[in-house]
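The lines below spell out each chain.
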Amino acid sequence: MTQPVYQRILLKLSGEALLGDEDYGIDPVIIHRIAKEIADVSKAGVGVAIVIGGGNIFRGAGLAESGIDRVTGDHMGMLATVMNALALQDALESVDIDARVMSAISVHDVCEDYIRRRAIRHLEKGRVVICAAGTGNPFFTTDTAAALRAIEVGADVLMKATKVDGIYSSDPNIDDDAELFERVSYDHVIERKLNVMDANAIVLCRDQQMPIRIFNVFAEGNLMKLVEGKPVGSTVN
């Protein structure tokens with residue numbers, strides 16, 4: 001393979017990325033394929049930290065719309081991310097990758113607490129670190145958690161896995177004339193409301209000069225191509 005251009009990455013996986021062809025929960029075929037791609041990157045000597053969402057199980061904002069208290073809903077969403085993180089940990093271990101789940105809320109019987117220095121130490125030892133429970137606070141999305149963790153662990157780039165090939169001027173599933181942007185600025189994303197990530201995450205990345213790569217996780221091999229520096233998806237910087 002080509003020499004990796006990044007030493008350490010933060011991969012943001014949405015809960016929906018694990019759905020595959022399922023309507024709810026986790027598609028075993030999808031999670032094992034994603035685990036295999038992460039394993040290939042890790043074995044290439046790249047440090048991998050992951051922030052995972054829980055939208056395939058619960059989404060706090062959606063629960064709030066149905067009448068559940070928003071804080072309660074967000075806490076339920078955090079627990080859903082822990083479930084996804086444990087499933088991904090198991091999938092990674094099945095392909096001989098040492099992984100640690102670190103949660104922003106205390107769930108001592110199933111995983112470690114997130115402690116920045118400990119997370120960095122795991123990465124230095126070649127372990128994949130899976131960050132669950134977002135920031136541990138309601139009203140903050142896992143996008144914001146991804147930006148925060150990327151900065152905290154010293155990642156070279158934040159890679160967000162999506163269902164589309166990159167950043168478009170409009171929804172490509174609706175608008176046939178949607179334009180794919182190969183490179184855009186943080187301010188352009190905010191001003192045009194391109195819905196790449198939530199505004200808090202974009203501002204945090206902008207202020208700390210953390211580049212963001214948006215790519216299609218369902219196109220097999222894209223993660224390794226990104227790590228090799230190939231022109232895949234869109235870049236925000």
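Check the entry above for the structure.
Cut-offs applied
Residues numbered from 1 in each chain as written. Predicted model: local features only at pLDDT ≥ 70, side-chain atom pairs only at ≥ 80, totals over all residues. Heavy atoms only, no water. Buried < 20%, exposed > 50% of the residue type's maximum accessible area, 1.4 Å probe, protein only. Helix = DSSP H or I, 4+ residues; strand = E, 2+ residues; numbered from the N terminus. Pairing = 2+ DSSP bridges. Right-handed = clockwise from strand over helix to strand, strands pointing away. Phe/Tyr/Trp six-rings, centres within 6.5 Å; stacked < 30°, edge-to-face > 60°. Lys NZ or Arg CZ within 6 Å of the ring centre and 35° of its normal. Core = buried A, V, L, I, M, F, W, Y, C linked by side-chain atoms within 4.5 Å.

**Student:** When you look at the pairing of strand E1 (residues 8-13) in this model, what are you seeing that I'm missing?
**Tutor:** The side chains of a regular strand alternate between the sheet's two faces. Extensive coverage of E1 is indicated by the burial of 6 of its 6 residues. In E1, alternate side chains face the same way, and those of Arg-8, Leu-10 and Lys-12 on one face and Ile-9, Leu-11 and Leu-13 on the other are all buried. As defined by bridge partners, E1 adjoins strand E2 (residues 47-52) across 6 bridges and the pair is classed as parallel. Bridge pairing links Lys-12 to Val-51 in E2. Considered for its hand, the β-α-β crossover made up of E1, helix H1 (residues 28-43) and E2 is right-handed. Across 4 bridges, the pairing between E1 and strand E6 (residues 157-162) is parallel. Its bridge partner lying in E6, Leu-10 is registered against Leu-158.

**Student:** Sorry if this is basic, but what is going on with the packing of aromatic side chains here?
**Tutor:** Geometrically, a pair of aromatic rings is defined through the distance of the ring centres and the angle of the planes. Tallied over the entire structure, the rule returns 0 aromatic pairs. For the cation-ring pair, Arg-149 lies above Tyr-114, with the distance from its terminal atom to the ring centre recorded as 3.8 Å.

**Student:** I'm lost on the nonpolar core in this one. Help?
**Tutor:** The biggest cluster of nonpolar side chains holds 42 residues, and the ones touching the most others in it are Ile-9, Leu-13, Ile-38, Leu-88, Ile-130 and Met-159. Breaking this core down by element, the ones donating at least two residues are E1, H1, E2, helix H3 (70-93), strand E3 (99-103), strand E5 (128-132), E6 and helix H8 (222-227).

**Student:** Even after reading the chapter, I still don't get the environment of Glu-93, so can you show me in this structure?
**Tutor:** Positionally, Glu-93 belongs in helix H3. Relative accessible area serves as the criterion here: at 41%, Glu-93 is assigned to the partly exposed category. Between the C-alpha atom of Glu-93 and that of Ala-35, which follows or precedes it by 58 residues, the distance is 8.8 Å.

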